[in-house]
Amino acid sequence: MPTYTLTAFERDGEKLLDETFEAANDEEAKKIGEQKLRERGCLDKTHRCVNASGKLILFRR
């Protein structure tokens, strides 16, 4: 299964989340990423999820 990296940041640049996970495809990775962000209270923070080749799957600024 492909690997994805999810990161979330405070406005001052402090990293709140930096996690790698596996998903069957980009759509599943987006759902998993949103769920992880919601669980950790980071959904409204700056975040991104990318696949192993660097393609942006999920982003909020």
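What comes next concerns the included structure. Just so it is clear, the model here is predicted, and its values are computed rather than measured. (Residues numbered from 1 in each chain as written. Predicted model: local features only at pLDDT ≥ 70, side-chain atom pairs only at ≥ 80, totals over all residues. Heavy atoms only, no water.)

Let's shift gears to the overall build of the chain. On a plain count of helices and strands, the chain comes out with one helix and four strands. Helices and strands in the chain line up, N terminus first, as β-β-α-β-β. Its C-alpha radius of gyration of 11 Å places the chain within 12% of the 10 Å reference for a compact globule of 61 residues. Taken along the three principal axes of its C-alpha coordinates, the chain extends 35 × 20 × 15 Å. A total of 61 residues make up the chain; the buried ones form 33% of that total. The contacts of the chain with a sequence gap of at least 6 include a subset with a gap of at least 24, amounting to 36%. On the chain, roughly 4,100 Å² of surface is accessible, and the fraction owed to carbon and sulfur atoms is 43%. Placing the 12 positive and 12 negative side-chain charges of the chain at their respective mean positions leaves the two points 5 Å apart. (Helix = DSSP H or I, 4+ residues; strand = E, 2+ residues; numbered from the N terminus. Rg over C-alpha atoms; globule rule 2.2 N^0.38 Å. Buried < 20%, exposed > 50% of the residue type's maximum accessible area, 1.4 Å probe, protein only. Contact = heavy atoms within 4.5 Å. Areas by Shrake-Rupley, 256 points an atom, 1.4 Å probe, with all protein chains shown as cover. Lys, Arg positive; Asp, Glu negative; His and termini not counted. Charge placed at Lys NZ, Arg CZ, Asp CG, Glu CD.)

Time to look at the sheet that holds strand β1 (residues 3–9). Strand order across the open sheet formed by four strands is β2-β1-β3-β4, with antiparallel pairing between neighbours. The sheet is open, and its two edges are formed by β2 (15–22) and β4 (56–60), each paired on a single side. Pairs of neighbouring strands in the sheet enclose a mean axial angle of 10 degrees, with direction left out of account. In this sheet, β2 lies alongside β1 in antiparallel orientation, the contact comprising seven bridges. When the bridges of β2 are listed, L6 appears paired with E19. Where helix α1 (residues 26–39) meets the sheet, it contacts β1, β2, β3 (46–51) and β4, and its direction lies at approximately 145 degrees from that of β2. (Pairing = 2+ DSSP bridges. Axes fitted to C-alpha atoms, helices over the stretch in contact; angles between N-to-C directions.)

With 14 residues, α1 extends 20 Å from end C-alpha to end C-alpha; this agrees with the ideal 20 Å at 1.5 Å per step. Buried within α1 are the following residues: A29, G33, K36 and L37. Angularly, the buried residues of α1 cover 100 degrees about the axis, an arc narrow enough to put them on a single face. Turned more than 90 degrees away from the buried face of α1, the exposed residues are K31, R38 and E39. Packed against the buried residues of α1 are β1, β2, β3 and β4. You can read the cap of α1 off the contacts: a side-chain oxygen lies 3.1 Å from the backbone nitrogen of E27, and it is on N25. Following α1 by one or two positions, G41 adopts a phi angle in the positive range, close to 70 degrees. (Expected span 1.5 Å × (residues − 1). Arc of directions from axis to C-beta. Polar contact = N/O pair within 3.5 Å; in protein donor to acceptor, adjacent residues only side chain to side chain.)

So, to be careful, I would describe these as geometric facts and stop short of saying anything about function.
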